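# Coordinate analysis (summary)
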Amino acid sequence: MQHSVFISGAAQGIGAEIARLFHQKGYKVGIYDINLELAQALATELGANTKAGYLDVSDYPQWQIALQEFQNWAGELNILINNAGILYSGAFENTTILSHHRTIDINVKGVLNGCHAALNYLQKASFARVINLSSASAIYGQADLASYSASKFAVRGLTEALDVEWQKYNIRVLDVMPLFVQTSMVKNMDAGSIQNIGVDLTPADVAQQVLALTQQRNHFLIPTHTPIGIKTKLMYQLSRISPQFLNRITNILLSKQA
């Protein structure tokens, strides 16, 4: 049976690359984004087996409308990819409180809304899986990315909790944790970590890992969290075995601006 995938924030960047890859592999692809014009353009570019739609992930009723619309078109919802996200960089006190709130509304509430609204559809599907876009910023709190980092910690925690809760429904809830990715979101960032670590990953790197996680058969050894890239994997492993003071010193050095 042809599986379907619903992707939030799918009109550009990582989301668009995920949409392209899943379409190439024969999935029915839902391209949903707050920028409807770009979403429709991508659906037109890809052609058959794509559906574009408007979605502000911070608005729960819009999730309900979008998912029902997608279910009617695709037949069932198999894979939910919570990709939509935003990033503000710079000193915490120099970032407006509205920007901090918007980060939480989209990066945290968006994922909460998506998982909650989609469960009824996922429960009825022949195969179901959720992939959330977390970040290497959820390994240790990142200076000059405070609210973004906090939002990704929330995604990490929600993923862990639902991956346990929803095992009774045979639904795995997983996340990917890339470091900085070559998208418009990281351009002109005011954060020492990006200057010191660099931007090595491409949207295709993330898309390939997301696809791999959706195609694995359900078994106990699939990890809940998947770091992407050598640097991220190293940071992830070291953070688990290093004492807290050493992790803090490392992050001070990594976040130091020139």
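Rules of the game
- Residues numbered from 1 in each chain as written.
- Predicted model: local features only at pLDDT ≥ 70, side-chain atom pairs only at ≥ 80, totals over all residues.
- Heavy atoms only, no water.
- UniProt positions renumbered as here; feature names shortened; annotations may be inferred.
- Helix = DSSP H or I, 4+ residues; strand = E, 2+ residues; numbered from the N terminus.
- Polar contact = N/O pair within 3.5 Å; in protein donor to acceptor, adjacent residues only side chain to side chain.
- Patch = residues over 30% accessible without salt bridge, like charges linked within 9 Å, V, L, I, M, F, W, Y side chains within 5 Å.
- Areas by Shrake-Rupley, 256 points an atom, 1.4 Å probe, with all protein chains shown as cover.
- Salt bridge = Lys/Arg side-chain N within 4 Å of Asp/Glu carboxyl O.
- Expected span 1.5 Å × (residues − 1).
- Contact = heavy atoms within 4.5 Å.
- Phe/Tyr/Trp six-rings, centres within 6.5 Å; stacked < 30°, edge-to-face > 60°.
- Buried < 20%, exposed > 50% of the residue type's maximum accessible area, 1.4 Å probe, protein only.
- Axes fitted to C-alpha atoms, helices over the stretch in contact; angles between N-to-C directions.
- Parallel < 35°, antiparallel > 145°, perpendicular 65-115°, else oblique.
- Left-handed = near helix turned anticlockwise from the far one by under 90°.
- Nonpolar A, V, L, I, M, F, W, Y, C, P; charged D, E, K, R; others polar.
- Pairing = 2+ DSSP bridges.

Under an unreviewed UniProt entry, the protein chain has the name SDR family oxidoreductase and belongs to Acinetobacter suaedae. As its UniProt record puts it under Sequence similarities (unreviewed entry), the protein chain is described as follows: "Belongs to the short-chain dehydrogenases/reductases (SDR) family."

Structurally, the position occupied by serine 99 is in helix H4 (residues 97-124). Within the structure, the side chain of serine 99 is placed 2.8 Å from the side chain of threonine 96, a separation counted as a polar contact.

With that settled, consider a nonpolar patch on the surface. A cluster of nonpolar side chains, namely Ile34, Leu36 and Tyr54, defines an oily patch on the protein surface of about 260 Å² accessible area. Looking at where isoleucine 34 falls in the secondary structure, it is placed in the loop between strand S2 (28-33) and helix H2 (36-46).

With that settled, the discussion passes to helix H7 (residues 203-215). Over its 13 residues, H7 runs 19 Å from end to end, which matches the ideal 18 Å to within 8%, given 1.5 Å per residue. Looking at the buried positions of H7, the neighbouring elements they touch are helix H1 (13-24), strand S4 (79-82), strand S5 (129-133), strand S6 (172-178) and strand S7 (225-228).

Moving on: the packing of aromatic side chains. Taken as a whole, this structure holds six aromatic pairs when the rule is applied. For the pair phenylalanine 6 and tyrosine 32, a centre-to-centre distance of 4.4 Å together with 20 degrees between the ring planes defines the contact as stacked. Of this pair, phenylalanine 6 sits in strand S1 (residues 4-8) while tyrosine 32 is found in strand S2, placing the two residues 26 residues apart along the sequence. The two residues phenylalanine 6 and tyrosine 32 agree in class, both being buried. With 4.8 Å between their ring centres and 65 degrees between their planes, phenylalanine 22 and tyrosine 27 make a pair best called edge-to-face. Its relative accessible area of 0% is what places phenylalanine 22 among the buried residues. An aromatic cluster of at least three residues, connected via ring pairs, comprises Phe6, Tyr32, Trp63, Phe70 and Trp73.

As a packed pair, helix H3 (residues 60-74) and H4 sit with axes 9 Å apart at the nearest point and diverge in direction by 40 degrees. On the basis of their axis angle, the class for H3 and H4 is oblique. Relative to H4, the crossing made by H3 is right-handed. Across the interface between the two elements, Tyr60, Trp63, Gln64, Leu67, Gln68 and Gln71 from H3 touch Gly110, Asn113, Gly114, His116, Ala117, Ala118 and Tyr121 from H4. Of the residues belonging to the contact of H3 with H4, the class tally is six nonpolar, seven polar and no charged.

Okay, the pattern of salt bridges next. Opposite charge on two side chains allows them to pair when their charged atoms are near. In this structure the tally under the stated criterion is five salt bridges. The partner of arginine 20 in a salt bridge is glutamate 17, and the shortest N-O contact between them spans 3.9 Å. With arginine 20 and glutamate 17 both in helix H1, this residue pair falls three residues apart, about one helical turn. Here arginine 20 falls in the partly exposed class, since its relative accessible area comes to 32%. For glutamate 160, the salt bridge goes to arginine 156, with nearest N and O atoms at 3.7 Å. One end of the pair is glutamate 160 and the other is arginine 156, both in helix H5 (residues 146-165) and four residues apart, which spans about a single turn. Salt bridges sharing partners connect three or more residues here, namely Glu17, Arg20 and Glu45.

Strand order in the open sheet formed by seven strands is S3-S2-S1-S4-S5-S6-S7, and the pairing between neighbours is parallel. The outermost strands of the open sheet, each flanked by one partner alone, are strand S3 (50-54) and S7. Averaged over neighbouring strand pairs, the angle between their axes works out to 15 degrees when direction is ignored. In this structure, S2 lies alongside S3, joined through five bridges in parallel fashion. Looking at S3, one finds that isoleucine 31 is bridged to alanine 52. Sheet strands in contact with H5 are S5, S6 and S7, and its direction is about 155 degrees off that of S6.

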